[in-house]
Amino acid sequence: YNGLTGSVQFIYPPDTTSNIVYHIYLNSSGKIVSANFITHWTGSVNTYNFTYNYDGDGNIILCEQTLNSSGLSYTSYSKDSMVYENGNMTAKYSFNKDGSAPYQLYQYIKVTYSTAENKMGYFETYDEEPSSMISGQNQFFPLYGAFAKNLPQQTELYDALGNLTYRINYTYVIDPKGYVTEENITRSVLSPYTFNRQFEFSCN
């Protein structure tokens, strides 16, 4: 970090020419307002740009993205629009386009929540992310604004026509202080799987 800017570099051996460089720009509250990601893969260079807009409660309500690739003659655009109820993101609508074409909806998600409080600042690491051009920006979740008030219970992903693509259900083991110690994830419909996460906490 240098003031309100930061950078991260990932290098992938043994081919050290394959790497990702992240540049992030923060507001006075320490939340990301824009980011620039550059990837180098086997001779191709991709440049991603992100801008984030927040509501008065610190929730990301719009993320706009562009992709310039050395293998493409046009710029790809995406944007995610998020909807919140009672401190939780209940829907995200994702749009994309190429070049000067109009935006079109290509998918949306619906999220329902348990009554358990989200004490640990939990942020799911898939379609609940506030950006869809690249998945897996979990290292930046603490910089993405407000977390959901409650723990997610179910996520459903739909295509633009309203067809259910997959469903993910979440169950938790919660300690007496209300913190998650274990999470079980079950995906159904398309490419079903189960996944287990365990958490440990230490207090200073």
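Placed above this text is the structure.
None of these values were measured; they are calculated from a predicted model.

Participant: Teacher, can you tell me more about the pattern of salt bridges here?
Facilitator: A full pass over the atoms with the stated rule returns two salt bridges. Put simply, Glu156 and Arg167 hold a salt bridge, and the shortest N to O gap is 2.6 Å. You can see Glu156 sitting in strand 9 (residues 150–159) and its partner Arg167 sitting in strand 10 (residues 164–174), a full 11 residues away along the chain. One salt bridge in this structure joins Arg197 and Glu183, with 3.0 Å as the shortest N-O distance. Of this pair, Arg197 sits in strand 12 (residues 193–198) while Glu183 is found in strand 11 (residues 180–189), placing the two residues 14 residues apart along the sequence.

Participant: Help me out: how do you make sense of unusual backbone geometry in this one?
Facilitator: For residues that are not glycine, phi is negative in most cases, and the peptide bond is trans in most cases. Positive phi, close to 55 degrees, is recorded for Asn86, a residue that is not glycine. One can find Asn86 in the loop between strand 6 (75–85) and strand 7 (88–98). Its relative accessible area of 68% is what places Asn86 among the exposed residues. Not every positive phi belongs to a glycine, and Val189 is a case in point at roughly 75 degrees. Secondary-structure assignment places Val189 in strand 11.

Participant: In this structure, what is going on with the sheet that holds strand 10? I would like to understand it.
Facilitator: Two pairing modes exist for strands in a sheet, parallel and antiparallel, and in both the strands are linked by backbone hydrogen bonds. The strand order across the open sheet formed by 12 strands is 1-2-3-4-5-6-7-8-9-10-11-12, and the pairing between neighbours is antiparallel. Where the open sheet ends on each side, the last strands, each with one partner, are strand 1 (5–11) and strand 12. Along the sheet, successive strands turn relative to each other by an average axial angle of 15 degrees, direction set aside.

Participant: Just to check I follow, could you spell out the side chain of Ser78 for this structure?
Facilitator: Tracing the sequence through the fold places Ser78 in strand 6. Here Ser78 falls in the buried class, since its relative accessible area comes to 6%. Other than its neighbours up to four places away in sequence, Ser78 contacts Cys63, Glu64, Gln65, Phe95, Asn96, Tyr103 and Met133.

Participant: For this particular structure, what's the right way to read the environment of Gly6?
Facilitator: Among the secondary structure elements, Gly6 is positioned in strand 1. Since its relative accessible area comes to 9%, Gly6 is described here as buried. Along the chain, Gly6 and Ile32 lie 26 residues apart, while their C-alpha atoms are 10.0 Å from each other. When neighbours within four sequence positions are excluded, Gly6 is seen to be in contact with Tyr1, Tyr22, His23 and Ile24.

Participant: Please explain the side chain of Thr155 as it appears in this structure.
Facilitator: Note on placement: Thr155 falls in strand 9. For Thr155, a relative accessible area of 1% gives the class buried. A polar contact is formed between the side chain of Thr155 and the side chain of Tyr170, at a distance of 3.5 Å.

Participant: Could you clarify how one ought to interpret the nonpolar core in this entry?
Facilitator: Within soluble globular proteins, side chains that are nonpolar generally end up buried alongside one another. Judged by nonpolar contacts, the single largest core of 34 residues is most densely connected at Ile24, Ile32, Phe37, Phe50, Tyr52, Phe140 and Tyr144. Those elements that provide at least two residues to this core are strand 2 (19–26), strand 3 (32–41), strand 4 (44–54), strand 5 (60–69), strand 8 (104–117), strand 9, strand 10 and strand 11. If we skip the residues at most four places from it in the chain, Ile24 touches Tyr1, Leu4, Thr5, Gly6, Ile32, Ser34, Ala35, Phe37, Phe140 and Leu143.

Participant: Quick question: what am I supposed to make of the packing of aromatic side chains here?
Facilitator: Each aromatic ring pair is characterised by the separation of its centres together with the angle its planes make. Summed over all chains, the structure comprises 11 aromatic pairs. On the basis of an interplanar angle of 10 degrees and a centroid distance of 6.3 Å, the ring pair of Phe50 and Tyr52 is categorised as stacked. Taking the relative accessible area as the measure of exposure, Phe50 reaches 1% and is therefore buried. Plain terms: the ring middles of Tyr179 and Phe201 are 5.4 Å apart, the flat faces sit at 55 degrees to each other, and that makes the pair tilted. Placement of Tyr179 in the loop between strand 10 and strand 11 and of Phe201 in the segment after strand 12 is noted, with a sequence separation of 22 residues between them. Since its relative accessible area comes to 31%, Tyr179 is described here as partly exposed. Residue classification places Phe201 among the partly exposed positions, given a relative accessible area of 42%. Among the aromatic residues, those joined into a ring-pair cluster are Phe10, Tyr22, Phe37, Phe50, Tyr52, Phe140 and Tyr144. If you follow Lys97 out to its NZ or CZ, it ends over the ring of Tyr77, 5.0 Å from the centre.

Rules used throughout
Residues numbered from 1 in each chain as written. Predicted model: local features only at pLDDT ≥ 70, side-chain atom pairs only at ≥ 80, totals over all residues. Heavy atoms only, no water. Salt bridge = Lys/Arg side-chain N within 4 Å of Asp/Glu carboxyl O. Helix = DSSP H or I, 4+ residues; strand = E, 2+ residues; numbered from the N terminus. Buried < 20%, exposed > 50% of the residue type's maximum accessible area, 1.4 Å probe, protein only. Pairing = 2+ DSSP bridges. Axes fitted to C-alpha atoms, helices over the stretch in contact; angles between N-to-C directions. Contact = heavy atoms within 4.5 Å. Polar contact = N/O pair within 3.5 Å; in protein donor to acceptor, adjacent residues only side chain to side chain. Core = buried A, V, L, I, M, F, W, Y, C linked by side-chain atoms within 4.5 Å. Phe/Tyr/Trp six-rings, centres within 6.5 Å; stacked < 30°, edge-to-face > 60°. Lys NZ or Arg CZ within 6 Å of the ring centre and 35° of its normal.

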